[in-house]
There are 6 protein chains.
Amino acid sequence: MIVSARLTFSAAHRLDNPKFDAEWNRRTFDKCNNPGGHGHNYILQVSVRGKIDPESGMVIDLAKLKEIMRERIVDRVDHRNLNADVDFLGGINPTAENLARAFWQQLAPAITQGSLYEIMLQETEKNSVVYRGEDEES
Amino acid sequence: MIVSARLTFSAAHRLDNPKFDAEWNRRTFDKCNNPGGHGHNYILQVSVRGKIDPESGMVIDLAKLKEIMRERIVDRVDHRNLNADVDFLGGINPTAENLARAFWQQLAPAITQGSLYEIMLQETEKNSVVYRGEDEES
Amino acid sequence: MIVSARLTFSAAHRLDNPKFDAEWNRRTFDKCNNPGGHGHNYILQVSVRGKIDPESGMVIDLAKLKEIMRERIVDRVDHRNLNADVDFLGGINPTAENLARAFWQQLAPAITQGSLYEIMLQETEKNSVVYRGEDEES
Amino acid sequence: MIVSARLTFSAAHRLDNPKFDAEWNRRTFDKCNNPGGHGHNYILQVSVRGKIDPESGMVIDLAKLKEIMRERIVDRVDHRNLNADVDFLGGINPTAENLARAFWQQLAPAITQGSLYEIMLQETEKNSVVYRGEDEES
Amino acid sequence: MIVSARLTFSAAHRLDNPKFDAEWNRRTFDKCNNPGGHGHNYILQVSVRGKIDPESGMVIDLAKLKEIMRERIVDRVDHRNLNADVDFLGGINPTAENLARAFWQQLAPAITQGSLYEIMLQETEKNSVVYRGEDEES
Amino acid sequence: MIVSARLTFSAAHRLDNPKFDAEWNRRTFDKCNNPGGHGHNYILQVSVRGKIDPESGMVIDLAKLKEIMRERIVDRVDHRNLNADVDFLGGINPTAENLARAFWQQLAPAITQGSLYEIMLQETEKNSVVYRGEDEES
């Protein structure tokens with residue numbers, strides 16, 4: 001059984017890899033590299049997999065899962081600049097892929113009923129990523 | 001190939017486990033344990049997996065799948081109280097997890113083209129569960 | 001300029017007019033009269049009309065409007081039974097129309113920047129009402 | 001007859017009125033005043049009112065209206081910082097109200113079939129404004 | 001008080017005015033003039049304005065309104081070709097504007113509780129029209 | 001890591017298998033077999049699975065993926081009749097299942113960063129299919 005909680009946050013970001021020059025960054029990230037940044041209403045959906053607890057009838061209380069999501073992620077990124085304002089994102093180019101992986105690292109240790117199964121992060125109706133914990137070491 | 005049909009229904013429910021006392025239920029289910037109950041516009045998405053029939057070009061006719069969903073689930077739960085009014089939910093604490101599992105048991109035997117792959121049940125935009133038939137015996 | 005804030009709540013209700021007998025109520029409200037009740041994820045959108053304050057650039061701070069909405073409406077109806085649990089709905093048959101009018105009476109006095117322009121209450125994707133304060137005396 | 005076209009754009013902004021000190025701005029705009037800014041997926045819906053042209057059966061070709069919207073608004077604000085990067089927003093605190101009014105001034109002269117009726121600007125699912133050209137002089 | 005019911009239908013159409021030649025039609029309707037036609041999932045929202053009936057607490061029973069909408073509109077246009085298959089659209093170029101006006105003529109006489117206030121017809125998330133009965137004689 | 005891009009297109013289609021007679025087609029496809037055809041606003045979501053490129057922080061640039069989707073699919077099916085106007089659909093009964101498989105064949109060779117993981121095609125809010133490349137030979 002997989003249970004999912006969904007929250008939203010609004011943040012600014014700019015895609016840029018400082019190891020490369022401006023021309024490379026422009027070519028690679030196009031308008032997402034505009035110097036003043038831009039922003040999104042992100043949708044974060046966190047899924048936990050486990051067995052149904054026969055007493056509560058729940059895998060994990062989704063109200064508790066949302067508390068964890070708020071404390072570990074949403075309260076730290078909402079109405080922030082993801083390039084500058086978020087400690088656990090320091091030195092990370094805030095693509096959706098990198099954000100999903102960083103969010104996984106924040107959330108996984110905090111999920112103690114069932115286990116973290118999937119993070120879905122949607123930047124816009126057109127763009128989203130799904131991360132299931134693969135490749136963390138790579 | 002996985003094909004999915006989606007229907008909605010509106011129902012009342014209250015989370016409560018009569019094996020425990022009021023204080024335990026309050027602590028466990030919080031506002032979902034309020035005595036008068038509350039309700040949701042549930043979204044039920046049922047997915048069937050199978051090969052494409054070369055004659056019809058379909059895995060299963062989604063119109064037929066929706067008929068099955070209406071007959072076995074929606075017509076029995078829509079505009080009902082899930083704690084009191086639904087025979088196949090008798091004695092079940094109507095969490096989304098328990099509902100998804102109970103719906104699976106109603107639907108699986110009726111799917112004869114392809115096989116039931118997944119039930120997604122959404123309580124609100126923030127809360128949903130996915131069930132793929134695991135652990136039924138546990 | 002019209003500014004709008006949107007919140008959701010989940011509640012149970014049953015349509016019934018105790019001045020009439022069971023047969024009249026059944027004929028009038030059909031499945032909405034089922035004795036155990038049912039429920040919805042309601043969407044409440046409140047609109048305020050006014051001039052833009054030149055200092056803040058806002059008609060009314062939507063964060064403050066949402067505070068008012070939570071205090072006066074959402075915290076009192078969310079996860080409740082609208083027939084039984086809400087003091088300001090006592091004696092009111094909880095149709096969407098009647099709810100919108102009752103919500104207006106709760107909200108209008110509390111809006112002191114601009115004035116309450118419109119309440120939109122959606123029961124389901126298919127059913128909604130809009131109230132602009134007309135006819136309150138009738 | 002009112003016809004409407006809807007486009008989206010993603011932008012960063014920060015609410016701040018430089019005529020006031022940091023404390024006033026913090027109190028007035030709260031987290032929307034965070035120094036690094038934040039951002040949104042804005043939804044812009046532009047409505048034009050007029051009679052149906054009997055030859056085309058249209059009030060205004062919505063493809064043409066979207067061209068105007070892209071040229072005058074979307075291409076200039078998408079993936080930009082609304083405080084810093086947009087010429088026609090210079091000196092404007094980018095609240096939704098102020099943006100809607102500024103967009104109106106860009107669009108109204110360009111609508112030559114029918115007339116501009118309404119601009120709806122949505123910042124998030126919870127926050128939106130509607131502007132119909134009132135008060136422009138105030 | 002305004003109450004609204006929303007239904008959907010799927011139909012094919014092609015924009016073309018036979019009084020003009022192919023080149024005019026191509027220039028005017030562009031890809032909407034492609035000879036094989038195309039199609040949409042239309043959303044039809046019908047709004048009725050009236051006073052709340054004190055006995056039922058409703059302006060008009062939305063279940064009845066949807067019955068009228070199905071009988072007069074949806075059952076006649078759903079899964080049809082709007083250029084060829086719908087008697088009451090004979091000779092009408094099926095732009096959203098012309099459809100909304102034709103739907104109004106079908107619906108208005110059938111609304112006997114309250115009066116028809118507005119028809120909203122959405123072709124896509126980007127394109128919609130609103131008709132309130134103006135100009136019918138023009 | 002799975003990344004997904006979502007685009008929409010509007011097209012007409014009619015379900016019919018010319019190897020069978022009219023009565024079989026009517027019985028099998030019901031209103032989807034209506035001779036004049038009907039249409040949908042299709043949603044096409046394409047998912048690519050791969051590792052995050054450490055330089056770009058992306059699996060595949062979603063702007064590039066959308067370019068591929070437009071060139072190979074959307075520009076060829078949008079505002080077309082899927083039974084008659086699309087070369088790569090010649091001889092294919094345009095069920096959602098058959099479309100998804102045909103789209104896969106167009107897209108898979110063009111994805112050179114990561115690999116095509118899944119195609120989701122939604123016909124309406126109620127009907128959708130997911131294809132992951134299984135059974136292509138059958």
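Residues numbered from 1 in each chain as written. Chains lettered and ligands numbered in written order. Predicted model: local features only at pLDDT ≥ 70, side-chain atom pairs only at ≥ 80, totals over all residues. Heavy atoms only, no water.

1. Describing the overall build of chain A
Here comes step 1: In terms of helices and strands, chain A carries 3 helices and 5 strands.
Here comes step 2: Scanning chain A from its N terminus toward the C terminus, one meets helices and strands in the order β-α-β-α-β-α-β-β.
Here comes step 3: When its C-alpha atoms are laid out on the principal axes, chain A stretches across 60 × 30 × 30 Å.
Here comes step 4: As presented, chain A carries roughly 5800 Å² of accessible surface, and 45% of it is formed by carbon and sulfur atoms. (Helix = DSSP H or I, 4+ residues; strand = E, 2+ residues; numbered from the N terminus. Areas by Shrake-Rupley, 256 points an atom, 1.4 Å probe, with all protein chains shown as cover.)

2. A few points about the interface of chain E and chain F
Here comes step 1: On the chain F side, the residues contacting the 19 residues of chain E number 19 residues.
Here comes step 2: Buried surface at the junction of chain E and chain F, both sides included, amounts to about 1500 Å², of which 46% is carbon and sulfur.
Here comes step 3: Linking chain E with chain F are 2 salt bridges.
Here comes step 4: Note that D78(E) is salt-bridged to K31(F), the shortest N-O span being 3.1 Å.
Here comes step 5: Counting only elements with at least two residues in the side of chain E that touches chain F, the list comes to β1 (2-13), β2 (38-49), β3 (80-81) and β4 (115-124) of chain E.
Here comes step 6: Among the elements that make up the side of chain E that touches chain F, the one with the highest residue count is β2(E) (4 residues).
Here comes step 7: Considering only residue class, the side of chain E that touches chain F consists of 3 nonpolar, 11 polar and 5 charged. (Contact = heavy atoms within 4.5 Å. Buried area = accessible area lost by both parts, 1.4 Å probe. Salt bridge = Lys/Arg side-chain N within 4 Å of Asp/Glu carboxyl O. Nonpolar A, V, L, I, M, F, W, Y, C, P; charged D, E, K, R; others polar.)

3. Quick notes on the relation of the copies chain E and chain F
Here comes step 1: Rotating chain E by 180° and moving it 0.0 Å along the rotation axis overlays it on chain F with an RMSD of 0.0 Å. Considering both components of the superposition, the chain copies are consistent with a two-fold axis.
Here comes step 2: A shared interface surface links the copies, since 100% of the contact residues of chain E are contact residues in chain F too. (Least-squares fit on C-alpha atoms with pLDDT ≥ 70 in both.)

4. Digging into unusual backbone geometry
All names here are of chain A.
Here comes step 1: Residues other than glycine seldom take positive phi values, yet H79 does so here, at roughly 60°.
Here comes step 2: In this structure, H79 sits in the loop between α2 (62-77) and β3 (80-81).
Here comes step 3: The class for H79 is buried, based on a relative accessible area of 8%. (Buried < 20%, exposed > 50% of the residue type's maximum accessible area, 1.4 Å probe, protein only.)

5. Observations regarding the arrangement of the chains
Here comes step 1: There is no contact between chain A and chain C; across them, the least C-alpha separation is 13 Å.
Here comes step 2: Nothing in chain B touches chain E, and the closest approach of their C-alpha atoms is 13 Å.

6. Focus: the packing of helix α2 (residues 62-77) of chain F against helix α3 (residues 96-107) of chain F
Helix packing geometry: the angle between the two helix axes and the distance between the axes.
Residue and element names in this part refer to chain F.
Here comes step 1: Contact pair α2 / α3: the axes reach a minimum separation of 9 Å and the direction vectors enclose 140°. In this view, α2 runs oblique relative to α3, as classed from their interaxial angle. In this structure, the crossing between α2 and α3 has a hand that is right-handed. In this structure, α2 contributes I68, M69, R72, I73, R76 and V77 to the contact, and α3 contributes F103, Q106 and L107.
Here comes step 2: Of the residues contributing to the contact of α2 with α3, the split by class is 6 nonpolar, 1 polar and 2 charged. (Axes fitted to C-alpha atoms, helices over the stretch in contact; angles between N-to-C directions. Parallel < 35°, antiparallel > 145°, perpendicular 65-115°, else oblique. Left-handed = near helix turned anticlockwise from the far one by under 90°.)

7. Topic: the side chain of S4(C)
Here comes step 1: Of note, S4(C) is situated in strand β1 (residues 2-13).
Here comes step 2: The class for S4(C) is buried, based on a relative accessible area of 5%.
Here comes step 3: A polar contact of 2.7 Å, which involves the side chain of S4(C), links it to the side chain of S47(C).
Here comes step 4: If sequence neighbours within four positions are ignored, S4(C) has contacts with Q45(C), V46(C), S47(C), L62(C), K126(D), N127(D) and S128(D). (Polar contact = N/O pair within 3.5 Å; in protein donor to acceptor, adjacent residues only side chain to side chain.)

8. Quick notes on the packing of aromatic side chains
Here comes step 1: Inspection of every chain in the model, using the stated rule, returns 36 aromatic pairs over all chains.
Here comes step 2: Ring centres 6.1 Å apart and planes at 65° place the aromatic pair F88(B) and F103(B) in the edge-to-face group. Of the two residues, F88(B) sits in the loop between β3 (80-81) and α3 (96-107) while F103(B) sits in helix α3, which places them 15 residues apart along the sequence.
Here comes step 3: Ring geometry for F9(C) against F103(C): centres 6.2 Å apart, planes inclined by 70°, an arrangement best described as edge-to-face. Residue F9(C) is located in strand β1, and its partner F103(C) is located in helix α3 (residues 96-107); the two are separated by 94 residues in the primary sequence. Both residues of the pair, F9(C) and F103(C), count as buried.
Here comes step 4: Here the aromatic residues F9(A), Y42(A), F88(A) and F103(A) are joined through ring pairs into a cluster of three or more. (Phe/Tyr/Trp six-rings, centres within 6.5 Å; stacked < 30°, edge-to-face > 60°.)

9. Quick look at the interface of chain A and chain F
Here comes step 1: If you look at the interface, chain A gives 21 residues, while chain F gives 21 residues.
Here comes step 2: Summed over both sides, the interface between chain A and chain F buries roughly 1700 Å², with carbon and sulfur atoms accounting for 47% of that surface.
Here comes step 3: For the chain A face of the interface with chain F, the top three residues by lost area are E97(A), K126(A) and S128(A), together amounting to 31%.
Here comes step 4: Linking chain A with chain F are 0 salt bridges, by the criterion used here.
Here comes step 5: At the surface where chain A touches chain F, the tally comes to 7 residue pairs in polar contact (both at pLDDT 80 or more).
Here comes step 6: Of all the elements in the fold, those that place two or more residues in the side of chain A that touches chain F are α1 (22-29), α3 (96-107) and β5 (127-131) of chain A.
Here comes step 7: The leading source of residues in the side of chain A that touches chain F is β5(A), at 5 residues.
Here comes step 8: In the sheet, β5(A) pairs with strand β1 (residues 2-13) of chain F via 4 bridges, with the strands oriented antiparallel. Its bridge partner lying in β1(F), S128(A) is registered against S4(F). (Pairing = 2+ DSSP bridges.)

10. Description of a positive patch on the surface
Here comes step 1: The grouping of R70(A), K126(B), R70(C) and K126(D) at the surface amounts to a positive patch.
Here comes step 2: Along the polypeptide, R70(A) turns up in helix α2.
Here comes step 3: Overall, the relative accessible area of 35% leaves R70(A) in the partly exposed class. (Patch = residues over 30% accessible without salt bridge, like charges linked within 9 Å, V, L, I, M, F, W, Y side chains within 5 Å. Lys, Arg positive; Asp, Glu negative; His and termini not counted. Charge placed at Lys NZ, Arg CZ, Asp CG, Glu CD.)

11. Considering the relation of the copies chain A and chain F
Here comes step 1: Mapping chain A onto chain F leaves a residual RMSD of 0.0 Å; the transformation is a rotation of 120° accompanied by 0.0 Å of translation along its axis. The superposition operator between the copies reduces to a three-fold rotation axis. Within chain A, E125(A) has its C-alpha nearest the rotation axis, a separation of 8.7 Å.

12. Some points on the pairing of β5(A)
All names here are of chain A.
Here comes step 1: Counting buried positions along β5 gives 5 out of 5 residues, so the element sits mostly inside the fold.
Here comes step 2: Of the two faces of β5, the one holding N127, V129 and Y131 and the one holding S128 and V130 are both buried throughout.
Here comes step 3: The pairing of strand β4 (residues 115-124) with β5 spans 5 bridges and is classified as antiparallel. Directly across from T124, in β5, lies its bridge partner N127.
Here comes step 4: The turn linking β4 back onto β5 is made up of 2 residues.

13. Thoughts on the confidence of the model for chain A
Here comes step 1: Taken as a whole, chain A shows an average pLDDT of 96; of its residues, 97% reach a score of 70 or greater.
Here comes step 2: Prediction confidence for the complex, expressed as pTM and ipTM, is 0.97 and 0.94 respectively. (pLDDT = per-residue confidence, 0-100.)

14. Topic: the environment of C32(E)
Here comes step 1: As for its position among the elements, C32(E) is in the loop between α1 (22-29) and β2.
Here comes step 2: On the basis of relative accessible area, C32(E) is assigned to the partly exposed category, the value being 22%.
Here comes step 3: With 83 residues separating them along the chain, C32(E) and S115(E) place their C-alpha atoms 34 Å apart.
Here comes step 4: What C32(E) contacts, discounting residues up to four positions off in sequence, is R14(E), L15(E), H38(E) and H79(F).

15. Regarding the pairing of β1(F)
Residues and elements named next belong to chain F.
Here comes step 1: Among the 12 residues of β1, 10 are classified as buried, and the element is accordingly described as predominantly covered.
Here comes step 2: Summarising the sheet, β1 and strand β2 (residues 38-49) pair through 12 bridges and their orientation is antiparallel. When the sheet's bridge partners are listed, A5 is paired in β2 with V46.
Here comes step 3: Here 2 bridges tie β1 to strand β3 (residues 80-81), and the two strands are oriented parallel to one another. For A12, the partnering residue across the bridge sits in β3 and is N81.

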